[in-house]
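The residues making up each chain are set out below.
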Amino acid sequence: MDNRQEVREFLTTRRARITPEQAGLPTTGARRVPGLRRSEVATIAGLSVEYYARLERGQIAGASSGVLEALARALQLDDTERAHLLDLARAADGIPSSGRPRRRTAGKAAARESLQWVLDAIKDGVAFVRDPHQNLVATNALGRAFYSPVIGDGGRMPNLARFQFLDPAAREFFPDWELFAQMCVAIMRAEAGRDPHDRGLQDLVGELSTRSEIFRQLWADHNVRTHGSGTKRFQHPVVGELVLAYEELAITAEPGLVLLIYTAEPGSPSAERLQLLASWTAPADALGNS
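Quick caveat: nothing in here was measured; it's all calculated off a predicted structure.

Thresholds applied
Residues numbered from 1 in each chain as written. Predicted model: local features only at pLDDT ≥ 70, side-chain atom pairs only at ≥ 80, totals over all residues. Heavy atoms only, no water. Salt bridge = Lys/Arg side-chain N within 4 Å of Asp/Glu carboxyl O. Helix = DSSP H or I, 4+ residues; strand = E, 2+ residues; numbered from the N terminus. Buried < 20%, exposed > 50% of the residue type's maximum accessible area, 1.4 Å probe, protein only. Axes fitted to C-alpha atoms, helices over the stretch in contact; angles between N-to-C directions. Left-handed = near helix turned anticlockwise from the far one by under 90°. Contact = heavy atoms within 4.5 Å. Nonpolar A, V, L, I, M, F, W, Y, C, P; charged D, E, K, R; others polar. Pairing = 2+ DSSP bridges. Expected span 1.5 Å × (residues − 1). Arc of directions from axis to C-beta. Phe/Tyr/Trp six-rings, centres within 6.5 Å; stacked < 30°, edge-to-face > 60°. Lys NZ or Arg CZ within 6 Å of the ring centre and 35° of its normal.

Tell me about the pattern of salt bridges, and please be specific about residues and values.
Applying the stated criterion across every chain yields a total of 17 salt bridges. Here arginine 15 ties to glutamate 56 by a salt bridge, and the two come within 2.8 Å at their closest N and O atoms. Residue arginine 15 is located in helix 1 (residues 3-16), and its partner glutamate 56 is located in helix 3 (residues 49-56); the two are separated by 41 residues in the primary sequence. The class for glutamate 56 is buried, based on a relative accessible area of 2%. Each of Arg14, Arg17 and Glu81 takes part in salt bridges that share partners, so that together they form one network.

Which residues make up the packing of helix 5 (residues 79-92) against helix 12 (residues 177-194), and what are the values?
Running from N to C, helix 5 and helix 12 cross one another at 35°; their axes reach a closest spacing of 8 Å. The way helix 5 lies across helix 12 gives a crossing that is left-handed. Contacts between helix 5 and helix 12 involve His84, Asp87 and Leu88 from the former and Arg189, Ala190, Gly193 and Arg194 from the latter. Of the residues that constitute the contact of helix 5 with helix 12, the class distribution is 2 nonpolar, 2 polar and 3 charged.

Could you give me a rundown of the sheet that holds strand 4 (residues 240-250), with the residues and numbers involved?
Reading across the sheet, the 5 strands line up as 2-1-5-4-3 and stay open at both edges, with antiparallel pairing between neighbours. With partners counted over all chains shown, the strands left at the sheet margins are strand 2 (136-139) and strand 3 (229-236), one partner each. Adjacent strand axes in the sheet meet at a mean angle of 30° when their direction is disregarded. Across 6 bridges, strand 4 lies against strand 5 (residues 258-263) in antiparallel orientation. Paired with alanine 250 across the two strands is valine 258, which belongs to strand 5. Most of the contacts of helix 7 (residues 113-121) go to strand 2, to which it runs at about 60°, and overall it touches strand 1 (126-130), strand 2 and strand 5.

How would you summarise helix 1 if you had to cite specific residues and measurements?
The end-to-end C-alpha distance of helix 1 is 20 Å, a good match for the 20 Å that 14 residues give at a rise of 1.5 Å each. Within the span of helix 1, buried status applies to Asn3, Glu6, Val7, Phe10, Leu11, Arg14 and Arg15. In an axial view of helix 1, the angular spread of the buried residues amounts to 150°, which keeps them on one side of the axis. Taken together, the buried residues of helix 1 touch helix 2 (38-45), helix 3, helix 4 (65-74), helix 5 and helix 12.

Please give an account of the packing of aromatic side chains that cites residues and values.
Inspection of the entire model under this criterion finds 19 aromatic pairs. Judged by centre distance (5.4 Å) and plane angle (40°), the ring pair of phenylalanine 234 and tyrosine 262 falls under tilted. A residue pair is termed long-range when its members are at least 10 positions apart, and phenylalanine 234 in strand 3 and tyrosine 262 in strand 5 qualify at 28 residues. Taken as a pair, phenylalanine 234 and tyrosine 262 share a single burial class, namely buried. Residue placement shows arginine 189 over the ring face of tryptophan 219; its charged tip is 3.9 Å from the ring centre. Between the NZ or CZ atom of lysine 232 and the centre of the ring of tyrosine 246, over which it lies, the distance is 5.1 Å.

And the structure:
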């Protein structure tokens, strides 16, 4: 990925979304561009117009932390966007992967028995491990049942982004498909900023950009986010609608991998359906372990 282009497009898209009113500026006369002008961003950030224009052309190498922080405030970046800007600046300065520990391959992580033991110990929630390329690396028993529309009959560990954008079944599994699509791309964007030389992620982005017009449009928006926590709605072919809370946990022993756990509110219809799904998988698991 071209770092200068990434910087240029990220800054211009952030500038375009802020109105003068949001920035506390007076509005006079017709405006030819959406959002703020370069000169207005420069003034708010305390930079010269010439220097800000240079930054927006992608020449961010050497920018001080003070300049980057001022830019983040002027563009009203949230925490994830600010971190993404810093990642882009580090990449421009030649600092690899934000100084993070080197990532190990997902295959090594999946082969580690103790990680699978942790997943198997979680009985009442959907638990799975995902890598930075959106590959489903490992799951617990309930996770395999939950993701049965994604995994399919072959039992393969699939790529969640490919399922999201290339499999028609995704629109049934995710009732809020548009929201899920935006989240998926924004998470991938953040990963790309953290490690711009990740060839596997570059190949995946190229594939999805070629095969999905919607992915291509969302990728061009340059929105970034982390998963964190929240609530999602699913339509499972066996038990119907599930409204589940999720928590994302970093696996410190495997940099780049995350553990996600989906649970239902106790006593809710979704909790009952999740228990039904667990009981539906029990005979198959018992058979597989016999």
